[in-house]
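# Observations on the three-dimensional arrangement
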Amino acid sequence: FSSCGAVLSSLFHRVISGDKSLTVDETRIKLVGDVNGKIAIIMDDTIDEVDSLIRLANVLHHRGAYRIYVMATHGIFSGQACELLQKSVIDEVVVTNTIPRDEKMDSCSKIKTIDISPLLSEAIRRIHNGESMSYLFRDIPVGD
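What comes next concerns the included structure.

In a regular helix each residue adds 1.5 Å, so twelve residues correspond to 16 Å; helix 1 (residues 51-62) covers 16 Å between its end C-alpha atoms and thus fits that length. Looking only at helix 1, the buried set comprises L53, I54, L56, A57, V59 and L60. Backbone geometry just downstream of helix 1 places G64 in the positive-phi region, at approximately 105°.

Its place among the elements puts S132 in the segment after helix 4 (117-128). In this structure the side chain of S132 is engaged in a polar contact, spanning 2.7 Å, whose partner is the side chain of S134.

A separate point is the side chain of S88. Relative to the elements of secondary structure, S88 occurs in the loop between helix 2 (81-87) and strand 6 (92-96). Here I90 takes part through its backbone nitrogen, which lies 3.2 Å from a polar atom of the side chain of S88. Apart from residues lying up to four places away in sequence, S88 is in contact with I54 and K110.

Overall, the coordinates contain five salt bridges when judged by the stated rule. The shortest N-O distance in the salt bridge between R126 and E122 comes to 2.8 Å. Placement of the pair is R126 and E122 together in helix 4, with a separation of four residues, close to one helical turn. Given the relative accessible area of 12%, R126 is considered buried. For R126, the salt bridge goes to E131, with nearest N and O atoms at 3.6 Å. By relative accessible area, which is 31% here, E131 ends up partly exposed. Among the ionic contacts, a cluster of salt bridges with common partners joins E122, R125, R126 and E131.

Conventions and cut-offs
Residues numbered from 1 in each chain as written. Predicted model: local features only at pLDDT ≥ 70, side-chain atom pairs only at ≥ 80, totals over all residues. Heavy atoms only, no water. Helix = DSSP H or I, 4+ residues; strand = E, 2+ residues; numbered from the N terminus. Expected span 1.5 Å × (residues − 1). Buried < 20%, exposed > 50% of the residue type's maximum accessible area, 1.4 Å probe, protein only. Polar contact = N/O pair within 3.5 Å; in protein donor to acceptor, adjacent residues only side chain to side chain. Contact = heavy atoms within 4.5 Å. Salt bridge = Lys/Arg side-chain N within 4 Å of Asp/Glu carboxyl O.

This is the structure in structure tokens:
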């Protein structure tokens, strides 16, 4: 993501009512902001089943987003999730290795996994030695 210069181009919030709301998984959402000609980034904590994620990506694509990236901490990818993602308008899905990759994930070229084991091991070492954790959240080289 560092090379694409992406900017979070839209925000989503739940609305109780409204004429122009979109239905995604029985929840009414409203797109706030213009994504036309922009890169859209969808963030979530966990990706399991991807139906609602793909519907949301389709809305962004329909509204003019020219790249759609998804980022999540945990990638479970149950059922046909990998196959559905591969066929979707989503350009790339980035997850961490908190859940081991399996053959299904390996077969999907859109799923990228970031290894966070160095970060976790350094956090454990710093906690054990009573050192500051703030270093982990600043002074990080751009390439990492």
